[in-house]
Amino acid sequence: MNQEEVRRIFEKKGALLRGHFRLSSGRHSDIYMQCALVLQYPELSSKLCEELAKKFSGKSIETVIGPAIGGIIVSYEVARQLSVRSLFMERKEGIMTLRRGFHIEKGEKILLVEDVITTGKSLKEVEEIVKKRGGEIAGIGCLVDRSEGKSPFGRGITSLLSLKASTWEASLCPLCKKGMPISTPGTRFCSH
Ligand SMILES: [Zn+2]
């Protein structure tokens, strides 16, 4: 599956729209991205995660882990394809934590995954906890990479689709200057 095919899946399900959008942060953007609109279809989740898992098939991976909520489905599906364990971390009072009795062995080779990486902040927190618990990072993967190499992982991210998305302070938005109508996807908008 090439980037174009992946892009078509996202566009077809309305998970990727181009236009002029007001983000929950107040910034304006030229892309609307809501990965859950693709991942709501188990068949598509499975297909995409199979493609992602293939990219790590030659590596020795013992466990896959992702941050809740977006990372849970991706972690589960990629782990299923690789026949390994799937874990997730979640925020408790704002702090990323490994809960629910999940454990990480010393030296365990762990693949970090996300649905969409933009700043990479959550995944970085997951990485730090994995390392603190003695785990080894075996790779970093996501379905859609919007970081443009600017996340803490640099160019070390394996993705199915790289997207260039611009965001601006409302007052500096070139789309506003052009007089382009804006939409506010509101609570349907994901945090990415
Ligand atoms: Zn604007």
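Residues numbered from 1 in each chain as written. Predicted model: local features only at pLDDT ≥ 70, side-chain atom pairs only at ≥ 80, totals over all residues.

We now examine the sheet that holds strand β9 (residues 167-168). In spatial order, the strands read β1-β2-β9; together these three strands make up an open sheet with antiparallel pairing. Of all strands in the sheet, those with a lone pairing partner are β1 (16-22) and β9, marking the two edges. In this sheet, β9 lies alongside strand β2 (residues 28-33) in antiparallel orientation, the contact comprising two bridges. Bridge assignment links His28 to a residue of β9, and that residue is Trp168. (Pairing = 2+ DSSP bridges. Helix = DSSP H or I, 4+ residues; strand = E, 2+ residues; numbered from the N terminus.)

Here the focus is the pairing of strand β7 (residues 136-145). Two elements, strand β6 (residues 109-117) and β7, share eight bridges in a ladder whose sense is parallel. Bridged to Val116 within β7 is Val144. Sheet analysis places β7 next to strand β8 (residues 158-162), joined by four bridges and oriented parallel. Looking at β8, one finds that Val144 is bridged to Leu161.

Turning our attention to helix α4 (residues 70-82). Its 13 residues place the ends of α4 19 Å apart at the C-alpha level, agreeing with the 18 Å of an ideal helix rising 1.5 Å per residue. Most of α4 sits out of view: 10 of its 13 residues are buried. Residues Gly70, Gly71, Ile72, Ile73, Val74, Ser75, Glu77, Val78, Ala79 and Leu82 constitute the buried set of α4. For α4, the secondary structure elements touched by its buried residues are α2 (36-39), α3 (42-54), β3 (63-67), β4 (85-92), β6 and β7. (Expected span 1.5 Å × (residues − 1). Buried ≥ 20, exposed ≤ 12 C-beta atoms within 10 Å, placed from the backbone. Contact = placed C-beta atoms within 7 Å.)

Before going further, it helps to spend a moment on the pairing of β6. Burial analysis of β6 places eight of its nine residues in the buried class, which makes it a mostly covered element. Across three bridges, β3 lies against β6 in parallel orientation. Pairing of Thr63 across the sheet is with Ile110, part of β6.

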